Amino acid sequence: QVQLVESGGGLVQAGGSLKLSCAASGSIFSINAMGWYRQAPGKQRELVAQITSGGSTNYADSVKGRFTISRDNAKNTVLLQMNSLKPEDTGVYYCKIVARNVYSILGDYWGQGTQVTVSS
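These lines cover the structure that appears in this document, whether it is placed above or below. (Residues numbered from 1 in each chain as written. Predicted model: local features only at pLDDT ≥ 70, side-chain atom pairs only at ≥ 80, totals over all residues. Heavy atoms only, no water.)

### Considerations on a nonpolar patch on the surface
Point 1. There is a patch of nonpolar side chains on the surface, built from Phe29, Val102, Tyr103 and Ile105 and spanning about 500 Å² of accessible area.
Point 2. The exposed category is assigned to Phe29, whose relative accessible area is 61%. (Patch = residues over 30% accessible without salt bridge, like charges linked within 9 Å, V, L, I, M, F, W, Y side chains within 5 Å. Areas by Shrake-Rupley, 256 points an atom, 1.4 Å probe, with all protein chains shown as cover. Salt bridge = Lys/Arg side-chain N within 4 Å of Asp/Glu carboxyl O. Buried < 20%, exposed > 50% of the residue type's maximum accessible area, 1.4 Å probe, protein only.)

Here is the structure:
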């Protein structure tokens, strides 16, 4: 079993900052990509940012220059620093990893989601 535990969501005013954290644990052999997705009410889940095992990053156009993704491989943790938040950043943020478990099976694993609400 692989578990992802997210933290750091909350309510913030527009222009403020939040930092999300996601820690992976369990039967993990190795982690490839790690990323954050979000889902706003009535909308599909979308990619916010992702980072490869080598440290290459990719961001949605809407968050470029405001959000920064990073990872700590020793702790199996991925972080998302969110600055200059806007009301349209509101949604449930999900952590996702692509990992190989101890049985060498590659799969996608999702966190339970954390709510981010940005007030205008």
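### Notes on the pattern of salt bridges
Point 1. Applying the stated criterion across every chain yields a total of five salt bridges.
Point 2. Lys64 is the salt-bridge partner of Asp61, the closest N and O atoms lying 3.1 Å from each other. This pair shows no difference in class: Asp61 is exposed, exactly as Lys64 is.
Point 3. We note a salt bridge from Arg66 to Asp89, for which the minimum N-O separation is 2.8 Å. Highlighted residues: Arg66 in the loop between strand S6 (57–59) and strand S7 (67–72) and Asp89 in the loop between strand S8 (77–82) and strand S9 (91–101), separated in sequence by 23 residues. (Helix = DSSP H or I, 4+ residues; strand = E, 2+ residues; numbered from the N terminus.)

### Things to note about the state of the cysteines
Point 1. In total, this model carries one disulfide according to the counting rule given.
Point 2. The partner cysteine of Cys22 in its disulfide is Cys95, sulfur to sulfur 2.2 Å. The chirality of the disulfide connecting Cys22 with Cys95 is left-handed, given an S-S dihedral of about -80 degrees. In this pair, Cys22 is assigned in strand S3 (residues 18–26) and Cys95 in strand S9, connecting sequence segments 73 residues apart.
Point 3. Given the relative accessible area of 0%, Cys22 is considered buried. (Disulfide = S-S within 2.5 Å.)

### Re the side chain of Arg38
Point 1. By secondary structure assignment, the location of Arg38 is in strand S4 (residues 28–39).
Point 2. Of the polar contacts made by the side chain of Arg38, one reaches the side chain of Tyr93; its length is 2.9 Å.
Point 3. In contact with Arg38, other than residues within four places in its own chain, are Gln44, Arg45, Glu46, Val48, Ser62, Val63, Phe67, Glu88, Asp89, Val92 and Tyr93. (Polar contact = N/O pair within 3.5 Å; in protein donor to acceptor, adjacent residues only side chain to side chain. Contact = heavy atoms within 4.5 Å.)

### Details of the packing of aromatic side chains
Point 1. Under the defined criterion, the tally for this structure stands at two aromatic pairs.
Point 2. With centroids separated by 6.5 Å and ring planes inclined at 80 degrees, the aromatic side chains of Tyr94 and Trp110 adopt a geometry described as edge-to-face. Pair noted here: Tyr94 is in strand S9 and Trp110 is in strand S10 (residues 106–110), with a separation of 16 residues, a long-range link.
Point 3. By relative accessible area, Tyr94 is classed as buried at 14%.
Point 4. Judged by relative accessible area, Trp110 falls into the partly exposed class, the value being 37%.
Point 5. Members of the aromatic cluster, connected to one another through ring pairs, are Tyr37, Tyr94 and Trp110.
Point 6. Stacked on the ring of Tyr94, the Lys or Arg Arg45 has its end atom at 3.7 Å from the ring centre.
Point 7. The ring centre of Trp110 lies 4.7 Å from the NZ or CZ of Arg45, which sits over that ring. (Phe/Tyr/Trp six-rings, centres within 6.5 Å; stacked < 30°, edge-to-face > 60°. Lys NZ or Arg CZ within 6 Å of the ring centre and 35° of its normal.)

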